[in-house]
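Understanding the architecture of this molecule
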Number of protein chains: 2
Amino acid sequence: MDSILLLIMDGLGDRPDVRIDGKTVLQYAKTKNLDSFAKKGMNGIMDPIAPGIIPGSDTAHLSLLGYDPYKVYTGRGPFEAAGIGIKLKEGDVAFRCNFGTVNEKLVVKDRRAGRIKKGTKELAKMLDGIRIDDVKIIFEEAVEHRAALVLRGKNLSSNITDIDPHNDNMRINESRPLSKNAERTANILNKFVKESYKILNEHPINKERKKKKLPPANIILPRGAGIFPRMRSMDEKYKLKSACVAGISLVKGVSRLAGMDIINVKGATGGVDTDIDAKIKAVIKALEKYDFVLVNIKAPDLFGHDGDVFGKIKMAEKIDKALGPLKDVDCLKIFTADHSTPVTIRNHSGDPVPVTITGKNVRVDDVKNFDEISCAKGALCRIQGKDLMNIALDLTNRSEKFGA
Amino acid sequence: MDSILLLIMDGLGDRPDVRIDGKTVLQYAKTKNLDSFAKKGMNGIMDPIAPGIIPGSDTAHLSLLGYDPYKVYTGRGPFEAAGIGIKLKEGDVAFRCNFGTVNEKLVVKDRRAGRIKKGTKELAKMLDGIRIDDVKIIFEEAVEHRAALVLRGKNLSSNITDIDPHNDNMRINESRPLSKNAERTANILNKFVKESYKILNEHPINKERKKKKLPPANIILPRGAGIFPRMRSMDEKYKLKSACVAGISLVKGVSRLAGMDIINVKGATGGVDTDIDAKIKAVIKALEKYDFVLVNIKAPDLFGHDGDVFGKIKMAEKIDKALGPLKDVDCLKIFTADHSTPVTIRNHSGDPVPVTITGKNVRVDDVKNFDEISCAKGALCRIQGKDLMNIALDLTNRSEKFGA
């Protein structure tokens, strides 16, 4: 049975832009390889979650892998925590965090502690393993000022508000319960944050930073509470031995919670400087060993958020070039995006994304270009993200008949 | 943020007709303005409720506004009652009614009391406010022989059969409960109808009618029981300050229950003689003040029900002409129908309807004509009515992201 490649060009979908004659980035960009896949394949458009619904990268990836985001997604925390490698247990409540800088009145002076680059590992160690009441704290640093916090204990709830005020020069928020059963969790989180200030403010690393006039990383600012979701692995769900190649921890997190192996690629940064060739090389190698390989290329989304239409066009063309070697790989290939990030609005939108599927069992239509308008005329018509895995399983003859 | 215009040409969708070379009304009609919107916009076809499901105008409008008709629609009564301006309360059971003519054995001689035009206001006053057991009767006349009845009291159910026999020369039906908990309501309705005969038959207006050999409006014939549905307003649901321009009370009723303002336009009759120019003028004015404006033009549906293919073509062309001034209005515009009313079957059908969306964030496809076949090749592909509002909210940048 053929392996399945799901190639996600993050945020690649777009809207018309007057700077490029009212075309979309994909209509304007010269993408020879993507067009040649479109010519050989079956094309359509896809609503990652549902028509008009604006997906996050996390909820979109969940949906494309066949998990209902409305059921498994209670907040970003668990996906970030899993992304940096924390092993979660059922009932854990997890948060994304920043190391931040506060004054003695707990007013935030810098939400990112000057984008601190060194020392967070040592600071994180001071917090990891402590207990607040009967709850165990798991705390781990990520890139720069970022970190993840996990509360492990009984009867915890993620139905609480953020501590992070999301702006500088505001006092940290008290976390408030949004339901009766969340009072205890909010209480514990508030205690933890105050404790983090006590511990971090006096730490030698921060004393050193103050001496150097750098903002001290003297508090933890949690946000995005989520309870660890019950998710069957890709293996249990589909009998697919699965791997993920991704630069950003959020996609790694989703993949880890889906029980996939994470393949780390040197030079795959999740940034605009990411080494796409290296990623594609790793993907081709992985396809020999795995039934299913997910690869996420984050860069188009970043240009979308920056409103940089020509940067996004160049990135689309750069990705396109890197896809050349995939022509010689024999497997079911799905080329798509997790959502649109129109350069005109610098944010995600609910517009559908183009999809091209190639492979030996695939009906070939007459679409010639990989873009939002051309693909809509293809043999796939308009599908939803939740259906993608079932389509892929069927086209690789893995599905079982329902009925007789 | 751009306002949203939803223009519904009632029953405009059609099927092929041999009288016009096997084309549909829209394929045959010359509709320059609609075609030019299609050229500038994103096109598709839409199942107002679901593929093959035949919508009523009420259930279709509900669905297009994002309300699940299977949840909120228990019968036509509440929408008619709201349409003529009765303020409903939760638990109210409402009915559409006719003033009818019966003989002393309660056999219906004329279901419409000779399409009585005068005197129903006075007759209605005799019934409005009376009590049957512990239930309050709210009764109001509408156009000609039509009226609405509301039962207000505790533990009422709409799960009962009609009194109206739907044919002349049959005795009125006894309303029967269709579930155990509806016995009381059926009982009260039967008592009310008998009471209506006692009160109306002796009324001077009817004595006068009998003298003039006109059929007396001596009984009330209720049908279409429905319980007042819990519906969040458009403002609560979408944060949209919303208004409706419509001739027919049913659409006004749906709009009122959706918390929309009703804009009455002089000459907007809901008939084939309706002043479409005046309606479009009112719409353009409303778009300055409201975030969302729904306009319904009923006439194409009436020609569909009459099987008048050339009448429907002329009406499509007349509407098309009236849409000219909309070209200069800067907003998101949605041109569509609530359902098909094929002239070949003289009734609603479950065929999808064409949709054209124009506006500055809209992907432009290469569809050139506004009809059921051309639009199906557009960048919207095939959508469902329930998704339309989410798409509109997204295209006007009003939606919030789900996830991160």
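Keep in mind that what you see is a predicted model, and the values were worked out from it rather than measured. (Residues numbered from 1 in each chain as written. Chains lettered and ligands numbered in written order. Predicted model: local features only at pLDDT ≥ 70, side-chain atom pairs only at ≥ 80, totals over all residues.)

**Remarks on the pairing of strand 9 (residues 219-227) of chain A**
Residue and element names in this part refer to chain A. Counting buried positions along strand 9 gives nine out of nine residues, so the element sits mostly inside the fold. Both strand 4 (residues 93-102) and strand 9 contribute to a ladder of seven bridges, which runs antiparallel. In the strand pairing of strand 9, Cys97 is matched with Pro222. (Buried ≥ 20, exposed ≤ 12 C-beta atoms within 10 Å, placed from the backbone. Helix = DSSP H or I, 4+ residues; strand = E, 2+ residues; numbered from the N terminus. Pairing = 2+ DSSP bridges.)

**Considerations on the relation of the copies chain B and chain A**
Mapping chain B onto chain A calls for a screw motion: a turn of 126° about the axis and a shift of 0.3 Å along it, with 0.1 Å RMSD after fitting. Expressed as a symmetry operation, the mapping of one chain copy onto the other fits a three-fold axis. Of the interface residues in chain B, just 14% have counterparts in chain A that sit at the interface too, so the contact is made through distinct surfaces. (Least-squares fit on C-alpha atoms with pLDDT ≥ 70 in both. Contact = placed C-beta atoms within 7 Å.)

**Quick look at the domain arrangement of chain A**
Residue and element names in this part refer to chain A. Taken as a whole, chain A is organised into domain 1 (4-68 + 231-395) and domain 2 (79-227). In this structure, domain 1 and domain 2 have C-alpha centres spaced 33 Å apart. Between domain 1 and domain 2, the residue contacts involve eight residues of the former and seven residues of the latter. Among the elements that make up the side of domain 1 that touches domain 2, the one with the highest residue count is helix 10 (residues 249-257) (seven residues). (Domains from an automatic or database assignment.)

**Description of the interface of chain B and chain A**
Taken together, the contact pairs 21 residues of chain B with 32 residues of chain A. Those elements that place two or more of their residues in the side of chain B that touches chain A are strand 14 (381-384), helix 14 (388-395) and strand 15 (401-402) of chain B. Per element, the largest residue contribution to the side of chain B that touches chain A is four residues, and it comes from helix 14 of chain B. Here the residues of the side of chain B that touches chain A are counted per class, giving eight nonpolar, five polar and eight charged. (Nonpolar A, V, L, I, M, F, W, Y, C, P; charged D, E, K, R; others polar.)

**Describing the sheet that holds strand 9 (residues 242-246) of chain B**
Residue and element names in this part refer to chain B. Strands sit in the order 10-9-11-1-12-13-2-14 across an open sheet of eight strands; the sheet is mixed. The strands lining the two open edges of the sheet, one partner per strand, are strand 10 (261-262) and strand 14. When strand 2 (residues 42-47) meets strand 13 (residues 353-358), the two strands line up antiparallel, connected through five bridges. Paired with Ile45 across the strands is Pro354, a residue of strand 13. In the packing of helix 11 (residues 276-289) onto the sheet, contacts are made with strand 1 (4-9), strand 9 and strand 11 (292-297), and the angle to strand 11 comes to roughly 170°. With respect to the sheet, helix 14 is in contact with strand 1, strand 2, strand 12 (332-336) and strand 14, its orientation differing from that of strand 12 by roughly 155°. (Axes fitted to C-alpha atoms, helices over the stretch in contact; angles between N-to-C directions.)

**Digging into unusual backbone geometry**
Residue and element names in this part refer to chain B. A positive phi angle is found at Asp21, which is not glycine, with a value near 60°. Within the secondary structure, Asp21 is located in the loop between strand 1 and helix 1 (25-28). Phi is positive for Cys381, which is not a glycine, with a value near 55°. Mapped onto the fold, Cys381 is located in strand 14.

**Some details on the sheet that holds strand 10 (residues 242-246) of chain A**
Working definition: the strands of a sheet are paired by backbone hydrogen bonds and lie parallel or antiparallel to each other. The sheet built from eight strands is open, its strands ordered 11-10-12-1-13-14-2-15 (chain A) with mixed pairing. Either end of the sheet is taken by a strand with one partner, and the two such strands are strand 11 (261-262) and strand 15 (381-384) of chain A.

**So, the environment of Phe303(A)**
Residue and element names in this part refer to chain A. By the secondary structure assignment, Phe303 is in helix 12 (residues 299-306). Spatially, the C-alpha atom of Phe303 lies 8.9 Å from that of Gly11, the residues being 292 residues apart in sequence. Setting aside residues no more than four positions away along its own chain, Phe303 makes contact with Asp308, Gly311, Lys312 and Met315.

**Some points on the environment of Ile138(A)**
One can find Ile138(A) in strand 7 (residues 135-141). By C-beta crowding, Ile138(A) is classed as buried, having 20 other C-beta atoms within 10 Å.

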